[in-house]
Amino acid sequence: NVPLFPRSAMKPLLEALETQDFDQKMTKFQQVLQGLPEASIFTIAFLFGHLKRIADNQKVNKMTGSNLGICFAPSLFRSGSQMMNVVAIFVDYYC
């Protein structure tokens, strides 16, 4: 079994997260995603598309991108709290 986000993607994701310029940040995230196996890319697109639909109803369910990051980051990344911000950005801007 291959994790959805392999350990090798963690450092580049964190580096992208620290990038101040929004367009550069999004470009770096895109580069990390493009380096993943095709099956992971499809799964990520499906998962974050679903999470985006949940966030689109945040007035009713209170699940913002940040709240979804708190819930899903530990399962997706197995690492520090910064990854919650990665999930939030993916939910808010990638789908």
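Let me sum up the structure you'll find in this document. Sequence positions are assigned chain by chain, starting from 1 and proceeding in written order. Residue-level local features of this predicted model are given only where pLDDT is at least 70; pairs of side-chain atoms are given and counted only at 80 or more, and the full residue set underlies all totals for whole chains, interfaces and linings. The basis for every side-chain value is the complete set of heavy atoms in the structure, and neither hydrogens nor water enter the calculation.

### Observations regarding the nonpolar core
Working definition of a nonpolar core: buried Ala, Val, Leu, Ile, Met, Phe, Trp, Tyr and Cys residues. They are joined through side-chain atoms within 4.5 Å. Partly exposed describes any residue whose relative accessible area lies between the buried limit of under 20% and the exposed limit of over 50%, with all areas from a 1.4 Å probe on protein chains only and scaled to the type maximum. F5, L13, F29, F48 and F77 are the most contacted members of the largest nonpolar core, which totals 27 residues. A helix here means a DSSP run of H or I that spans at least four residues, while a strand means a run of E at least two residues long, and both kinds are numbered starting from the N terminus. Only α1 (10-18), α2 (22-34), α3 (38-55), α5 (65-77) and α6 (82-94) provide two or more residues apiece to this core. Broken down by element, this core gets its largest block of residues, 6 residues, from α6.

### Focus: the pattern of salt bridges
The salt bridge criterion pairs a side-chain nitrogen of Lys or Arg with a carboxyl oxygen of Asp or Glu, the two atoms within 4 Å. Per the counting criterion, the structure on display carries 1 salt bridge. One salt bridge connects K52 with D56, and the closest N-O pair in it is separated by 3.2 Å. Take K52: its relative accessible area is 22%, and that puts it in the partly exposed class.

### Section: the packing of aromatic side chains
Classification of ring pairs uses Phe, Tyr and Trp, with its six-membered ring standing for Trp, and accepts pairs whose centres are within 6.5 Å; under 30 degrees between planes counts as stacked, over 60 as edge-to-face, and the remaining range as tilted. Tallied over the full model, the rule gives 5 aromatic pairs. Here F5 and F90 contribute two aromatic rings whose centre-to-centre distance is 6.2 Å and whose plane-to-plane angle is 35°, an arrangement assigned as tilted. Here F90 lies in helix α6 and F5 lies in the segment before α1, a separation of 85 residues in the sequence. With a relative accessible area of 1%, F90 lands in the buried category. Both rings, one in F29 and one in F90, keep their centres 5.2 Å apart while their planes meet at 80°; by these two values the pair is edge-to-face. On the criterion of sequence distance, the pair formed by F29 in helix α2 and F90 in helix α6 is long-range, its members being 61 residues apart. Each of the two residues, F29 as well as F90, counts as buried.

Purely geometric numbers; function is a separate question.
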